[in-house]
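# Structural characterization, general
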Amino acid sequence: MQSNSDPRIILPVELRVENVAKSFGSFVALQNVNLTCKVGRVTALVGPNGAGKTTLFHVIGGNLVPDAGKVFLNGADVTGLPPYKIARRHVGRLFQDVRVFPALSVAENIEVAFLHRSDYTLATTLAWWRAEARERDRRERAMKWLEFVGLADKADEPAGELSYGQQKLIALARIVALRPALLLLDEPTAALSPAMTKKMVELIKHLVAEQKLTTVLIEHNMGVVRELADYIYFLHEGTVHTHGSQKEVLENPAVRELYMGLSGGMAI
Amino acid sequence: MNLFLQLLGNGIVQGAVAMLYASGFGFVYRSFRVFHIAMGAQFVFSCYAFYFCAAMLKLPLALAVCGTLALSALFAAAIEWAVYRPFFRKSCSSGVVMIASLGVMIVVENVIALSFGNEVKTISNQLEPSVAFAGLRFTRIQLLQFFAGLGVFAAVGVLVRYGKWFKALWAMGDQPELLPVLGLPLMRLRLLVMSLGGILVAIAAMLISWDIGMDPHVGMHYLLLGSVAVFFGGTDRYWAWGAGAMLLSVLQSLAVWQFSARWTDLVTFGVLIFVLLFRPQGLFGVSKRLEEAK
Amino acid sequence: MNYLLHIGVMLGIYGMLALSANLLIGFGGLLTMAQAAFYGLGAYTYALLSLKFGLPFFVTLPAAIALCALVGWLFGHAALRFRNEAFVLATIGFQMIVYVTLYNWTDLTRGPYGISGIPRPSFFGIGIESVPAYFLFTLVLFSAVLGFMHLVCRSPFALSLKALRDDEAAAQTLGICPKGQYIRAMVFSAAVAAVPGVCFASYITYIDPTSFTLTESIFIACILLVGGSGNLQGPMAGVAFMLILPELLRFVGLPDAVAANMREIIYGVLLIVLIYMKPKGLAGAYAIK
């Protein structure tokens, strides 16, 4: 277990998705999806609702097993591994609906990220003389991340009682406390006020710049996409329609028609 | 061979009645998405309502049966008004409502024990004449159980298939919020489901208690049998509940034939564990869709 | 005086049972209806080992704990792929199978006749015979269990359980393996439940299957639902309430049979009212979802 002051050399991660397909009965959610997210790059997944973006995240994250295709992390095949194993490979996942632990305090929410398999042995549980030191250590590290997102003053409140925007910040802090090498962010700014959106974007920018995290971002807010994305994949009806730099994708007339036509007036 | 056939016959007779109380559980489970522990309370209430009407008030049989059915339907409505509906309005999770249902069961069981005493009560003291049927011997009441059980189950089956509002019951279980949107009276449908379940359970309770009597603590036993039957057959289809109940009963009688009556509970719960482990959708159920990816 | 000490012993026994179930119900969020099965397995293991083989207490207690831990581990592998009602149903099935086996495997357990003449524990030749001595003995065991649970409740393991309980999917994204943690919880829960089993068997010196029924499991679950779970105060409040209430009713002059029914009616009503208004129970930290 490393302390916060030790900047662990994060092994950079490249995500590669190859020919993934997933259907639910007769509904084809994903078809022939190929994706590469290079090290340190922020890749955005955009597309109308129902295009399969969250489904793709479920496949990468291990919640769904694809009907065909594979997912590779740095060349290692991780297709079909359960979510906790994916997490242990330094993948941090933010859900579309905020999922804090409501009965736990804000600080405890972050502390969960520091738990490790070696903590669960009977010997560790019974050694009460060491418990206090470890608790303090976990709390200190949690506080650092809470300061980063600006919630240090709410550390002991039950997380369920905070506002939606604050809960999203907790969820973000929790994920990055895990020291991931790959970030999967599903609509991080959805339903946030403009002020909160700005804050979230700043935090993500800061993290990406400082730690060169490979990041995959699902977003509908094009302003956010323009600010963060190095590379964009446009998904439509379960397949990759176009991909490329911001200019190539966002100014592509076919994309504008499909996206604007379907989502009605979304400012691209 | 004769013993085997006789035991099998007994099993089929019990199965016919089981189809009724299993459906009593199944309707509420499928439409409310609640593990309806209070069905045991309904069962024991109906037994004692029957006792009250037939043995205490000494009403003629037809009146006693009607009285019991009416009281049971009212009791079911009371459970809905006093317990299930407030929790539904509060949007409580099904686990919470299950615990409230357990509370109802505990209260009703003990109120009945206080009022009527803990000892076994019987309705009729005469020895039932036995009749020969297909080379085996059955009592009159067993024949009644068989025909009434199958008959009522089939009649309700027709209602479920062709009745106007019954299609809404399945929708209620999947998406209750949709019903008011479609102009369907959700609260009245809930009452309908509870009363229907209550009547089915009441018929089964009368058939059983006339045969073997009753005591205040039988509710849990029939709740367990009914719920295992529903999960065994498959929770999504009406006729599957009946098939599960009949099959379970037959398996139990086979256990009696092979081993002894002591081990029937092992069969019941062995079946449950088997279903949970190897076929969670039930024998005749459909594999569940992925409702929500985690 | 002996009467009060007897209540004390029963409080201790049920306190240990409540604490063992608390790990699964309060921290794991898994409503188990099988606690009495492990309670019974502990009791019968102690009874059979000490009667048939004359083994001393310091062998039979660990043996009972080990057996329950093993059975809990095996059962956990089967049952912990389920959640919510399916899990409850699986525990009911397990409870009934254990009961039916205890009742019918008469060659081993003497079935409904029960096992009598169970020896009281003795240490270095000094037997624990009198009720006051037994009260102290129970107090020692209870303190040990309470102390152990106190450590567990503050441990990282408990934190991981609470995270799983609150949101299993989110906990997985932080690297927590649900099945592994839940099985650990089941093993601890079962192992701790063996201790009151041993205590009960050696106190009453007679056991039969009727003390370890589904009704008993439901009672233990109700202690946690009424008193609260997810911390240490809730189970204690629950035990105090559920065990002292019938004694108070008896004081008020109600005949025993009536008192038993009244107690059940009261806690049945309380169950409904509390779960509606105060889902954390009297003193708990976790609201059942």
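Parameters at a glance
Residues numbered from 1 in each chain as written. Chains lettered and ligands numbered in written order. Predicted model: local features only at pLDDT ≥ 70, side-chain atom pairs only at ≥ 80, totals over all residues. Helix = DSSP H or I, 4+ residues; strand = E, 2+ residues; numbered from the N terminus. Contact = placed C-beta atoms within 7 Å. Rg over C-alpha atoms; globule rule 2.2 N^0.38 Å. Buried ≥ 20, exposed ≤ 12 C-beta atoms within 10 Å, placed from the backbone. Pairing = 2+ DSSP bridges. Nonpolar A, V, L, I, M, F, W, Y, C, P; charged D, E, K, R; others polar. Axes fitted to C-alpha atoms, helices over the stretch in contact; angles between N-to-C directions. Parallel < 35°, antiparallel > 145°, perpendicular 65-115°, else oblique. Left-handed = near helix turned anticlockwise from the far one by under 90°. Core = buried A, V, L, I, M, F, W, Y, C linked by C-beta atoms within 7 Å. Domains from an automatic or database assignment. pLDDT = per-residue confidence, 0-100. Expected span 1.5 Å × (residues − 1).

Next up on the list: the overall build of chain B. A count of helices and strands for chain B gives eleven helices and two strands. Beginning at the N terminus, the succession of helices and strands in chain B can be written as α-α-α-α-β-β-α-α-α-α-α-α-α. Judged by the C-alpha coordinates and their principal axes, chain B covers about 55 × 45 × 35 Å. Long-range contacts, defined here as pairs at least 24 residues apart, represent 76% of the contacts in chain B between residues at least 6 apart.

The next point concerns the overall build of chain A. Counting secondary structure elements, chain A contains ten helices and ten strands. Computed over its C-alpha atoms, the radius of gyration of chain A comes to 19 Å, within 12% of the 18 Å expected for a compact globule of 268 residues. Reported as C-alpha extents along the three principal axes, the dimensions of chain A are approximately 65 × 40 × 35 Å. Long-range pairs, those at least 24 residues apart, make up 70% of the contacts in chain A with a sequence separation of at least 6.

Time to look at the pairing of strand β6 (residues 91-94) of chain A. Residue and element names in this part refer to chain A. Neither face of β6 is left uncovered, since the one carrying Val-91 and Arg-93 and the one carrying Gly-92 and Leu-94 both have all their residues buried. For β6 and strand β7 (residues 182-186), the ladder comprises four bridges, and the chain directions are parallel. Bridged to Leu-94 within β7 is Leu-185.

A word on the pairing of strand β1 (residues 15-24) of chain A. All names here are of chain A. With seven bridges joining them, β1 and strand β2 (residues 27-37) adopt antiparallel strand pairing. Looking across to β2, one finds that Ser-23 is bridged to Val-28. In sequence, β1 turns back onto β2 through a hairpin of two residues, with Gly-25 there showing a positive phi of about 65°. Note that β1 and strand β4 (residues 68-73) share five bridges and pair antiparallel. Looking at β4, one finds that Ala-21 is bridged to Ala-68.

Each side of the interface is counted separately: chain B has 30 residues, and chain C has 28 residues. Broken down by secondary-structure element, the contributors of at least two residues to the side of chain B that touches chain C are α3 (61-89), α4 (94-116) and α11 (264-278) of chain B. For the side of chain B that touches chain C, the element with the most residues is α4(B), which contributes 15 residues. Taken together, the residues of the side of chain B that touches chain C break down into 22 nonpolar, five polar and three charged.

With that settled, the discussion passes to the packing of helix α7 (residues 156-166) of chain C against helix α9 (residues 178-204) of chain C. Residue and element names in this part refer to chain C. Viewed as axis vectors pointing N to C, α7 and α9 meet at an angle of 120°, and their least axial separation amounts to 10 Å. It follows that α7 is oblique to α9 by the angle criterion. Between α7 and α9 the crossing geometry is left-handed. On α9, the residues touching Phe-157, Ser-160, Leu-161 and Leu-164 of α7 are Pro-178, Gln-181, Arg-184 and Ala-185. Taken together, the residues that form the contact of α7 with α9 break down as five nonpolar, two polar and one charged.

Take the sheet that holds strand β8 (residues 214-218) of chain A next. Adjacent strands of a sheet form backbone hydrogen bonds with each other and so pair up, either parallel or antiparallel. All names here are of chain A. The strand order across the open sheet built from six strands is β6-β7-β8-β3-β9-β10, with neighbouring strands paired in mixed fashion. Single-partner strands in this sheet number two, and they are β6 and β10 (239-244). Neighbour-to-neighbour, the strand axes of this sheet turn through a mean angle of 15°, independent of strand direction. As defined by bridge partners, β7 adjoins β8 across five bridges and the pair is classed as parallel. Bridging from a neighbouring strand, Leu-184 pairs with Val-216 of β8. Set on the sheet, helix α1 (residues 53-61) makes contact with β3 (42-46), β6, β7, β8 and β9 (231-236); between it and β7 the angle comes to about 145°.

By size, the foremost hydrophobic cluster in this structure holds 287 residues, and its most contacted members are Ala173(A), Tyr21(B), Ala204(B), Ala229(B), Cys68(C), Ala221(C) and Leu271(C). Sorting elements by how many residues they give to this core places α9(C) first, with 16 residues. Summarising the domain contributions, this core has at least three residues from each of domain 1 (15-100 + 179-263) and domain 2 (104-161) of chain A. Ignoring anything within four residues of it in the chain, the contact list for Ala221(C) reads Ala21(C), Ile25(C), Leu31(C), Thr32(C) and Met33(C).

Residue and element names in this part refer to chain B. Per-residue confidence for chain B gives a mean pLDDT of 89; residues scoring 70 or more make up 97%. Scored below 50 in pLDDT, residues 289-294 makes eight contacts in the model with residues more than four places away or belonging to other chains. Overall fold confidence for the complex sits at a pTM of 0.90, while the interface term, ipTM, reaches 0.90.

The next point concerns the sheet that holds β4(A). What the four strands build is an open sheet, ordered β2-β1-β4-β5 (chain A); its pairing is antiparallel. A single partner strand is all that each edge strand has here, and the edge strands are β2 and β5 (76-77) of chain A.

Between the first and last C-alpha of helix α12 (residues 256-277) of chain C there are 31 Å, a value that for 22 residues agrees with the 32 Å anticipated at 1.5 Å per step. Within the sequence span of α12(C), burial applies to Asn261(C), Arg263(C), Glu264(C), Tyr267(C), Gly268(C), Leu270(C), Leu271(C), Ile272(C), Leu274(C) and Ile275(C). Against the buried residues of α12(C) lie α3 and α4 of chain B together with α10 (214-227) and α11 (233-251) of chain C.

Once that is clear, we can look at the packing of helix α2 (residues 35-52) of chain C against α10(C). Where α2(C) meets α10(C), the axes come as close as 7 Å, and the angle between the chain directions of the two elements is 115°. Contact residues: α2(C) offers Gln35(C), Ala36(C) and Ala37(C), while α10(C) offers Glu216(C), Ser217(C) and Ile220(C).

With that out of the way, let us pick up the domain arrangement of chain A. The domains assigned to chain A are domain 1 (15-100 + 179-263) and domain 2 (104-161). Inter-centroid distance (C-alpha atoms) of domain 1 of chain A to domain 2 of chain A is 30 Å.

Each partner contributes residues to the interface: chain A has 23 residues there, and chain C has 23 residues. Secondary-structure elements contributing two or more residues to the side of chain A that touches chain C are α2 (83-88), α3 (106-111), α4 (122-126) and α5 (128-149) of chain A. Among the elements that take part in the side of chain A that touches chain C, α2(A) stands out by supplying four residues, more than any other. Per-class residue counts for the side of chain A that touches chain C are 15 nonpolar, one polar and seven charged.

Here we take up unusual backbone geometry. Even without being a glycine, Asn74(A) presents a positive backbone phi close to 50°. Here Asn74(A) lies in the loop between β4 and β5. By the C-beta count within 10 Å, which is 17 here, Asn74(A) ends up partly exposed. A positive phi is found at Asn84(C), a non-glycine position, where the angle reads about 50°.

Attention now goes to the environment of Leu169(A). Residues and elements named next belong to chain A. Here Leu-169 is to be found in helix α6 (residues 164-177). The spacing of Leu-169 and His-236 is 67 residues in sequence and 30 Å in space, taken between C-alpha atoms. With near-sequence residues (within four places) excluded, Leu-169 lies in contact with Val-149 and Leu-151.

Take α4(B) next. With 23 residues, α4(B) extends 33 Å between its outermost C-alpha atoms, agreeing within 8% with the 33 Å of an ideal straight helix rising 1.5 Å per residue. In the segment just after α4(B), Gly117(B) is the residue with positive phi, at about 90°.

Residues and elements named next belong to chain A. Residues at a pLDDT of 70 or more form 93% of chain A, whose mean pLDDT is 85. Here residues 1-7 is modelled with pLDDT under 50, and outside its nearest four sequence neighbours on either side it reaches four contacts, counting other chains as well. The low-confidence segment residues 264-268 (pLDDT under 50) makes eleven contacts with residues lying over four places distant or belonging to another chain.

What follows covers the environment of Phe147(B). All names here are of chain B. Mapped onto the elements of the fold, Phe-147 is located in helix α5 (residues 140-162). Take Phe-147: there are 12 C-beta atoms within 10 Å of it, and that puts it in the exposed class. Distance in space between the C-alpha atoms of Phe-147 and Ala-16 is 7.8 Å, their sequence separation being 131 residues.

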